[in-house]
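Analysis of the macromolecular model
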Amino acid sequence: MMQAFLNDPMAMILLTGALVATSGALLGTFLVLQRQSMLSDAISHSIVFGIVVVWLLTHAQSGPLQIAGAALTGVLTVFLTEMVARTRRVKRDAAIGLVFPALFAAGVLLLNLYARDIHIDSHTVLLGEIGFVWLDTMPLAGLEIPQAVVWMTVATLVNLGFVLACYKELKLASFDWQLAAALGLAPTLMFYLLLGLTSVTAVAAFDAVGAVLFIAFVIVPAATAYLLTDRLSLMLLLAVLVGVASTLCGYPLAVRLDVSIGGTMASMTGVFLVLAFVLSPRYGVLGHWLNRRVKYSG
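Computed from a predicted structure; not experimentally measured. (Residues numbered from 1 in each chain as written. Predicted model: local features only at pLDDT ≥ 70, side-chain atom pairs only at ≥ 80, totals over all residues. Heavy atoms only, no water.)

1. Re the pairing of strand E1 (residues 137-140)
By the bridge criterion, four bridges tie E1 to strand E2 (residues 143-146) in an arrangement that is antiparallel. In the sheet register, Met 138 faces E2, and the bridge partner there is Ile 145. The loop that links E1 with its antiparallel partner E2 comprises two residues; one of these, Ala 141, has a positive phi angle of about 55°. (Pairing = 2+ DSSP bridges. Helix = DSSP H or I, 4+ residues; strand = E, 2+ residues; numbered from the N terminus.)

2. What about the packing of helix H3 (residues 38-58) against helix H10 (residues 187-206)?
Two elements in contact, H3 and H10, have axes separated by 9 Å at closest approach and are oriented at 60°. Relative to H10, the crossing made by H3 is right-handed. Along the contact surface, H3 presents Leu 39, Ser 40, Ile 43, Ser 44, Ile 47 and Ile 51, while H10 presents Phe 191, Leu 195, Thr 198, Ser 199, Ala 202, Val 203 and Phe 206. A breakdown of the residues in the contact of H3 with H10 according to their chemical character gives nine nonpolar, four polar and no charged. (Axes fitted to C-alpha atoms, helices over the stretch in contact; angles between N-to-C directions. Left-handed = near helix turned anticlockwise from the far one by under 90°. Contact = heavy atoms within 4.5 Å. Nonpolar A, V, L, I, M, F, W, Y, C, P; charged D, E, K, R; others polar.)

3. Considering the packing of aromatic side chains
Scanning all chains against the criterion turns up two aromatic pairs. For the ring pair Trp 177 and Phe 191, a centre distance of 6.1 Å and an interplane angle of 75° mean the geometry is edge-to-face. One end of the pair, Trp 177, is in helix H9 (residues 177-182); the other, Phe 191, is in helix H10, with 14 residues separating them in the sequence. Accessibility expressed as a relative area gives 31% for Trp 177, which makes it partly exposed. (Phe/Tyr/Trp six-rings, centres within 6.5 Å; stacked < 30°, edge-to-face > 60°. Buried < 20%, exposed > 50% of the residue type's maximum accessible area, 1.4 Å probe, protein only.)

4. Structural notes on helix H2 (residues 9-33)
Helix length check: H2 (25 residues) gives 36 Å between terminal C-alpha atoms against 36 Å at 1.5 Å per residue, within 8%. Residue Leu 27 marks the point of greatest curvature in H2, where the axis turns by about 30°. In this structure Asp 8 caps H2, since a side-chain oxygen of it lies 3.1 Å from the backbone nitrogen of Met 10. (Expected span 1.5 Å × (residues − 1). Bend = angle between axes of the 7 residues up to and from the residue. Polar contact = N/O pair within 3.5 Å; in protein donor to acceptor, adjacent residues only side chain to side chain.)

Encoded structure:
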C-alpha cells in the first residue's frame, strides 16, 4: 500500500512540491518580516559555489556534506555582504548585488572547468525538474522512497522544529531587534541560523524546483500572508497554506498546458499574491476603496 503510494509519480510530485512550499514558507515569513527576503535570492544563487567546492573536495554530489557546504556558503554570503556594507561605500542592497553574483560566477566557472562530466550543472541547480523526482529513489525502512521526498521531509521538520523552539526569539527579533538584543535573545545568532537553514533548504530543494524557483516559495507565500493578517502565528499558517495551494493548483495546470511543473507552481504563488493584493479586507486595493467609500459616504 505504502510502496504503491511512493511509486505514484503524481503523488510524489505533489508531495515534494508541498514540502518545498512548507519549508520555504516557515523561513520566508521571518525573512519578509525582517525585510531580508532578497537574501534568499542571494543565497539561492551563491550555493552553487558551495556545491561545487564540496564536490571538488569530497566528490559528494548530494547528502550531508553538500548540505553543510551550502549552509556555510549561505553564512559566507551574509558575512561578505555585511563586510562590504560596513565600508559605507555602498548601501546594503548594493552589497548584496556585489557579493552573490561574484560567488555565483565563481561557482559556474568551477562547474565548467572541473565538473563537466557529472550531473551537477548550472541548469540542474537553478531550475531543477520536479517531474522526475519519483525516479531517483533510496531504500529506507524497507521502502524505495524518492530522495527529494526524504531530504525535503528532513528539511521541513528541521525548519518547523527551529521555528517552534525559537518562536519567541524570532518574533521579537523580527519586530524589535534592539529590544531582543537588550533582553539577551541573541537576534544576530537567530538571523544567521535562519539564513543557514535557508541555504540547507535550498540545496534540498534544488533537485525538485531548482534554487531560483525556490525563491518564489520562500518569499511570495509569506508576502501574501502578510497582506492578510497582522498575527504572526496566523501569518505562518497562511503562508504554508498558500504555498501548498500553489502546488496543488500548479501541477494540473502545468500538465494541461504542457509546461514546466515547478515554474507553474511558482507562478501560482504570484496569482495568490495578486488576489490578496486586490481582495485583502484590510490591506487590499478593494478593501481600501470600500473603506474610503464608507468613510466619505458617512
